[in-house]
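# Inside the fold
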Amino acid sequence: MKKLSARRRHPLAAVVVLLLALACTGGLYAVFAPAGKAQAEETAQSLTIEEGKKLYTVGCASCHGTDGQGSSDGPSLVGVGAASVDFQVATGRMPAATSQGAQVPKKKNIYSQAQIDQLAAYIASLGAGPSIPTEAQYGPEGADIAKGGELFRNNCAQCHNFTGKGGALTEGKFAPTLEGVDPKHIYEAMQTGPQNMPSFPDTTLSEQNKKDIIAYLHAVNSDETVNPGGLELGGLGPVSEGLFAWIFGLGALIAVAVWVAARTAKAKKS
């Protein structure tokens, strides 16, 4: 006992006790902190979904049903995924106008990005679907522009034109221009296939393929791009080029023919 008391009075005893206390505290934190962090994240996600449900009830349920099951005025949203919500709402296509035409056009959105994220979280909770892409997925790093051009011409140019200027479809529908569209929204459109557009999941167009296409569209529609073919006539391809040839080409031929005929008639009179 005397030896123990002497050790307690040792000058280093307090330091040893402090080190032991710190070690115990660190060990306890390492054991319990991860669970606490996971619980906090789960709580935050639950709150996000709850807020999204409130927004959905006010702005979407009248068409898509109270539980997203759809109605006669709107399709089911179960399984469409967060990417579809982010695209449709961020581009202003949803909520749609009361009187709808053949196609819902892009317009100014009415929700903040935080509210869109909440709506997306709620819809994603109804069923698994494509998630919102990250910048690494649609950014220009590592993209092959030439490959993107080839993929775009083979899969997209039939509707959007070969430089993404858009084009007319049947029954009043149209393929919108892709000039100036957020790369994230282009990626989401390929993932989800909104309205008349077919979807291109990763089994059809890989993540790298989508990145290449987005890089190509940025390159051909950039203000810094110089068209090697000269006057692009709006980039609408055979429509504007054919019209130009018809008006100016055929017009020039008619003018030459009239001039030749006038000269011939004048020569005969002489």
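Structure's up top.
A brief structural summary.

Basis of the calculations
- All chains use their own residue numbering, which begins from 1 and follows the written sequence.
- Residue-level local features of this predicted model are given only where pLDDT is at least 70; pairs of side-chain atoms are given and counted only at 80 or more, and the full residue set underlies all totals for whole chains, interfaces and linings.
- In computing side-chain properties, one takes all heavy atoms of the structure into account and sets aside hydrogens as well as water.
- To count toward a patch, a residue needs a relative accessible area above 30% and no salt bridge. Like charges then connect within 9 Å, nonpolar side chains (Val, Leu, Ile, Met, Phe, Trp, Tyr) within 5 Å.
- Accessible surface is estimated by sampling points in the Shrake-Rupley manner with a 1.4 Å probe; for residues, cover comes only from the protein chains shown.
- The salt bridge definition used is simple: a Lys or Arg side-chain nitrogen within 4 Å of an Asp or Glu carboxyl oxygen.
- A run of DSSP states H or I qualifies as a helix once it reaches four residues; a run of E qualifies as a strand once it reaches two. Both are numbered from the N-terminal end.
- Accessible area is worked out with a 1.4 Å probe on protein chains only. A residue is then buried under 20% of its type maximum, exposed over 50%, and partly exposed in between.
- Side-chain rings of Phe, Tyr and Trp (the six-membered ring for Trp) are treated as a pair once their centres are within 6.5 Å; stacked means planes under 30 degrees apart, edge-to-face means over 60, and tilted covers the remaining angles.
- Consider the ring centre and the ring normal. A charge sits over the ring if Lys NZ or Arg CZ is within 6 Å of that centre and within 35 degrees of that normal.

Moving on: a nonpolar patch on the surface. Residues Leu243, Phe244, Trp246, Ile247, Phe248, Leu250, Leu253, Ile254 and Val258 make up a contiguous nonpolar surface patch of about 970 Å² in total accessible area. You can see Leu250 is positioned in helix 11 (residues 238–269). Judged by its relative accessible area of 32%, Leu250 falls in the partly exposed class.

Pro95 follows Met94 through a cis peptide bond whose omega is -5°. Note on placement: Pro95 falls in the loop between helix 4 (81–90) and helix 5 (113–126). Phi at Glu171 is positive, roughly 55°, even though this residue is not glycine. Tracing the sequence through the fold places Glu171 in the loop between strand 1 (167–168) and strand 2 (174–175).

In this section: the packing of aromatic side chains. By the definition in use, this model includes two aromatic pairs. Geometrically, the ring pair formed by Tyr56 and Tyr122 is tilted, given 5.4 Å between the ring centres and 50° between the ring planes. Taken together, the positions of Tyr56 in helix 2 (residues 13–59) and Tyr122 in helix 5 put the pair 66 residues apart, joining distant regions of the chain. There is no split in this pair, since Tyr56 and Tyr122 are both buried. Consider the rings of Phe152 and Tyr216, whose centres lie 5.7 Å apart with planes at 40°: the pair is tilted. Taken together, the residues Phe152 in helix 7 (residues 145–155) and Tyr216 in helix 10 (residues 207–221) connect sequence positions 64 residues apart. The ring of Tyr187 has Lys210 sitting right over it, with the charged end atom 5.7 Å from the ring centre.

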